[in-house]
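# Observations on the three-dimensional arrangement
Letter by letter, the chains look like this.
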Amino acid sequence: MKKHILPAIKLTVVMILFFAVLYPLVVWGIAQSAPNSGKGEIIEHNGKKHYANIGQSFSEDRYFWSRPSAVDYNAGGSGGSNKGASNEEYLAEVQVRIDTFLLHNPEVKKNQIPVDLVTASGSGLDPDFSVQAAKVQIKRIAKIRNIDEAKLNQLIEEHTEKPLWGLFGPEKINVLKLNIALDELK
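The paragraphs below set out a description of the structure included in this document. (Residues numbered from 1 in each chain as written. Predicted model: local features only at pLDDT ≥ 70, side-chain atom pairs only at ≥ 80, totals over all residues. Heavy atoms only, no water.)

### A short note on the pairing of strand β1 (residues 42-45)
Residues Ile43 and His45 point to one face of β1 and are all buried, whereas Ile42 and Glu44, pointing to the other face, are not buried. Looking at chain direction, β1 and strand β2 (residues 48-51) are connected through 4 bridges and run antiparallel. Across the sheet, residue Ile43 finds its bridge partner in β2, namely His50. Following β1, the chain reverses through 2 residues before pairing antiparallel with β2; Asn46 in that reversal takes a positive phi of roughly 55 degrees. (Buried < 20%, exposed > 50% of the residue type's maximum accessible area, 1.4 Å probe, protein only. Helix = DSSP H or I, 4+ residues; strand = E, 2+ residues; numbered from the N terminus. Pairing = 2+ DSSP bridges.)

### Some details on helix α4 (residues 138-145)
What α4 keeps buried is the set Ile138, Arg140, Ile141, Ala142 and Arg145. Buried-residue contacts for α4 involve α2 (88-104), α3 (131-135), α5 (149-159) and α6 (175-184). Two residues or fewer past α4, Asn146 is found with a positive phi of approximately 55 degrees. (Contact = heavy atoms within 4.5 Å.)

### Looking at unusual backbone geometry
The phi torsion at Asp72 lies on the positive side, around 55 degrees, for a residue other than glycine. With a phi angle near 55 degrees, Asn146 is a residue other than glycine that sits in the positive phi range. If you trace the backbone, Asn146 turns up in the loop between α4 and α5. On the accessibility criterion, Asn146 (71% relative accessible area) is exposed.

### Some thoughts on the side chain of Arg97
Mapping Arg97 onto the fold places it in helix α2. Judged by relative accessible area, which is 17%, Arg97 ranks as buried. For Arg97, the residues in contact, after removing those within four places along its chain, are Pro68, Val118, Thr119 and Ala120.

Everything listed is a geometric property; what it means functionally is a separate question.
Shown next, in the form of structure tokens:
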């Protein structure tokens, strides 16, 4: 029995030191070299602080609408709805989002609505949406703000983040940054 218990205790102590002390210190040290010391990107706008890496609710017609949230944009309770594509309650919720979008964007057809404008992300806090999700909203915003559509297309182009190393992931746009730039547009 001594033969097995002593090595198990030694291994447990080594793993505790590694995973409870060494590894967290290494991760913390790397975070300190990141911008804002690993606390996320904080943006101040109109006297308020916003976190660029946490989804924000934008539902006014004069802004680009953000992706829906299953947790009502509450960062303390991150998570998806866990409802499958065959769940009737979920399908009804998505249909309401589609109908609302079409009501506010009458020139858009149902099949032109990008999926990320009517479904929540896995975390419920996705701060980004697709380029298509921005472009499908241009006509509404241009009309309300009396801005040329070409200016809005240029704004979208300027705020489009390319895939990591040009390979990993889709092009995306941070909705908060895009809407702040929209407010500053003359």
